[in-house]
Amino acid sequence: MTETPAAQLSAAQTSVKTAATRYAFLGPFGTFTELALRQFLQAEGVTITSNQPEEIEAATGLKLLPCRDVGQALKMVREGEADRAVIPLENSVEGGVNASLDALVHGEPLQIVGETAIPIDFCLVVREGIKPEQVRRVGTHPHAWAQCRNWIEDHFPGTTHVPATSTAAAANLLTEDRYPGFEAALCNAVAAQTPGLVTLADGIADNPNAVTRFVLVSRPGRTPAPTGADKTTVQVRLPDNEAGALLNMLEQFSARGVNLSRIESRPGGGRLGTYEFSVDIEGHIAERRVQAALTGLHRTCPQVRFVGSYPRFDAKPNTVETGTEDSAFEAATAWVESLLTQD
Ligand SMILES: O=C(O)C(=O)Cc1ccccc1
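Residues numbered from 1 in each chain as written. Predicted model: local features only at pLDDT ≥ 70, side-chain atom pairs only at ≥ 80, totals over all residues. Heavy atoms only, no water.

**Let's talk about a nonpolar patch on the surface**
Step number 1: Together, Trp335, Val336, Leu339 and Leu340 line one region of the surface with nonpolar side chains, adding up to about 440 Å² of accessible area.
Step number 2: Structurally, Val336 can be placed in helix α10 (residues 326–341).
Step number 3: Given a relative accessible area of 40%, Val336 falls into the partly exposed group. (Patch = residues over 30% accessible without salt bridge, like charges linked within 9 Å, V, L, I, M, F, W, Y side chains within 5 Å. Areas by Shrake-Rupley, 256 points an atom, 1.4 Å probe, with all protein chains shown as cover. Salt bridge = Lys/Arg side-chain N within 4 Å of Asp/Glu carboxyl O. Helix = DSSP H or I, 4+ residues; strand = E, 2+ residues; numbered from the N terminus. Buried < 20%, exposed > 50% of the residue type's maximum accessible area, 1.4 Å probe, protein only.)

The structure is reproduced here in structure tokens:
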């Protein structure tokens, strides 16, 4: 493949549908989240061929803004310092990224406008000169540790985890003069290339099929158009101490043939026993069956937050059961109206 000249990149950038130019992400450069951001931009027709923020901005007009954590990335969007944020949301092995699920729905409303997924495996790196037998502690993001802990126990028995804000942050700390509290880091193959680091092992993953899902987040605005292969994310608070409250919530979906692709319970506040559910459903808010499910939730649950409708990363068309198509809802509404207007 030939390299895209800067002029072409600029042309591509002006065609970015969202006209977003400032992208906050879980940094520093070299995280899996940065790879996801590049994947989002690629889908918009923008290829980034550099690792240097100034070169990227000169070639594409885009500002890539690495953030210390997910909360900071979302704060930049909430406060208008960034147009978009990219954050990890879910891992096929570990489940939801709680920090992301919570930061997304607590505070000023935000909207998911896209998703992507990356197969994940890891490299174990050390600072030049460190021998494998010196490795006692491994620094990395908690989700990375969770995906490699069996491998580490098999190959470095007794080694313990030191949490870091991201995989790339852990790798970078190894290159600093000060001892970071660990001898090795688990990071991706890009961060493993950091000068001064040596890779002890690569392709590490307890589950070789592990995939992490990342979302592109903006301030509330126009919802991406339906594609027929869409997801909708909502956060639902259930009434306290009400028998059947969860069943009622699920019935709102099942009665309209709306399939769930993820459901997670999150503590709803200070008190034990109060829950919110973060739910992904197959379908777009422009579809009548999804609207009917959401109106049902709105009538029966104390709080429903719409977090966005956006195209599925795998473009797998949503199944629409017979009787739940838009045309079926329209025919049913027309029938009721005809009853009301008859003489
Ligand atoms: O730390 C990173 O590189 C991230 O982007 C977060 C993360 C960590 C582990 C798996 C997937 C994403």
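**Re the domain arrangement of the chain**
Step number 1: On domain assignment, one finds that the chain holds domain 1 (20–118 + 211–218), domain 2 (122–204) and domain 3 (230–326).
Step number 2: On a C-alpha basis, the centroid separation for the pair domain 1 and domain 2 is 23 Å.
Step number 3: Taken over both partners, the interface formed by domain 1 and domain 2 buries close to 1,100 Å², and the fraction arising from carbon and sulfur atoms is 65%.
Step number 4: Among the residues domain 1 hides against domain 2, the three largest losses belong to Gly30, Phe32 and Glu94. Together they make up 41% of the total.
Step number 5: Counting across the interface, domain 1 meets domain 2 through three residue pairs in polar contact (both at pLDDT 80 or more).
Step number 6: Split into classes, the residues belonging to the side of domain 1 that touches domain 2 amount to six nonpolar, seven polar and two charged. (Domains from an automatic or database assignment. Buried area = accessible area lost by both parts, 1.4 Å probe. Polar contact = N/O pair within 3.5 Å; in protein donor to acceptor, adjacent residues only side chain to side chain. Nonpolar A, V, L, I, M, F, W, Y, C, P; charged D, E, K, R; others polar.)

**As for the side chain of Arg213**
Step number 1: Summarising the element assignment, Arg213 is placed in strand β11 (residues 211–218).
Step number 2: Given the relative accessible area of 4%, Arg213 is considered buried.
Step number 3: A polar side-chain atom of Arg213 sits 2.5 Å from a polar atom in the side chain of Glu115.
Step number 4: Among the polar contacts made by the side chain of Arg213, one reaches the side chain of Tyr310 at a distance of 2.8 Å.

**Here's the deal with the sheet that holds strand β6 (residues 122–127)**
Step number 1: Strand order in this open sheet of five strands is β8-β7-β9-β6-β10, and the pairing throughout is mixed. Strands with a single pairing partner mark the edges of an open sheet, and in this sheet they are β8 (160–163) and β10 (197–204). Strand-to-strand twist of the sheet, defined as the mean angle between neighbouring strand axes without regard to direction, takes the value 30°.
Step number 2: Relative to strand β9 (residues 184–187), β6 runs antiparallel, the two sharing four bridges. Residue pairing across strands places Val126 opposite Ala184, the latter belonging to β9. (Pairing = 2+ DSSP bridges. Axes fitted to C-alpha atoms, helices over the stretch in contact; angles between N-to-C directions.)

**Some details on the state of the cysteines**
Think of a disulfide as a covalent bridge from one cysteine sulfur atom to another cysteine sulfur atom.
Step number 1: Under the defined criterion, the tally for this structure stands at zero disulfides.
Step number 2: The structure places no disulfide on Cys123, whose sulfur is separated from the nearest cysteine sulfur, that of Cys187, by 5.7 Å. (Disulfide = S-S within 2.5 Å.)

**A word on the UniProt feature "site: Essential for prephenate dehydratase activity" (unreviewed entry) in the chain**
Step number 1: Taken from the UniProt record, the annotation "site: Essential for prephenate dehydratase activity" (unreviewed entry) applies to Thr212.
Step number 2: For Thr212, the position within the fold is in strand β11.
Step number 3: Overall, Thr212 belongs to the buried group, its relative accessible area being 8%.
Step number 4: Apart from residues no more than four positions distant in its own chain, Thr212 is found in contact with Pro88, Glu90, Asn91, Thr116, Ala117, Ile118, Ile120 and Gln147.
Step number 5: A distance of 2.7 Å separates a polar atom in the side chain of Thr212 from a polar atom in the side chain of Asn91. (UniProt positions renumbered as here; feature names shortened; annotations may be inferred. Contact = heavy atoms within 4.5 Å.)

**Section: unusual backbone geometry**
Step number 1: Residue Pro28 follows Gly27 across a cis peptide bond; omega there is 0°.
Step number 2: Its location among the elements puts Pro28 in the loop between β1 (22–26) and α2 (32–43).
Step number 3: Unusually for a residue other than glycine, Ala315 sits at a positive phi of about 55°.
Step number 4: Within the secondary structure, Ala315 is located in the loop between β15 (303–311) and α10.
Step number 5: The exposure class of Ala315 is exposed, given its relative accessible area of 53%.

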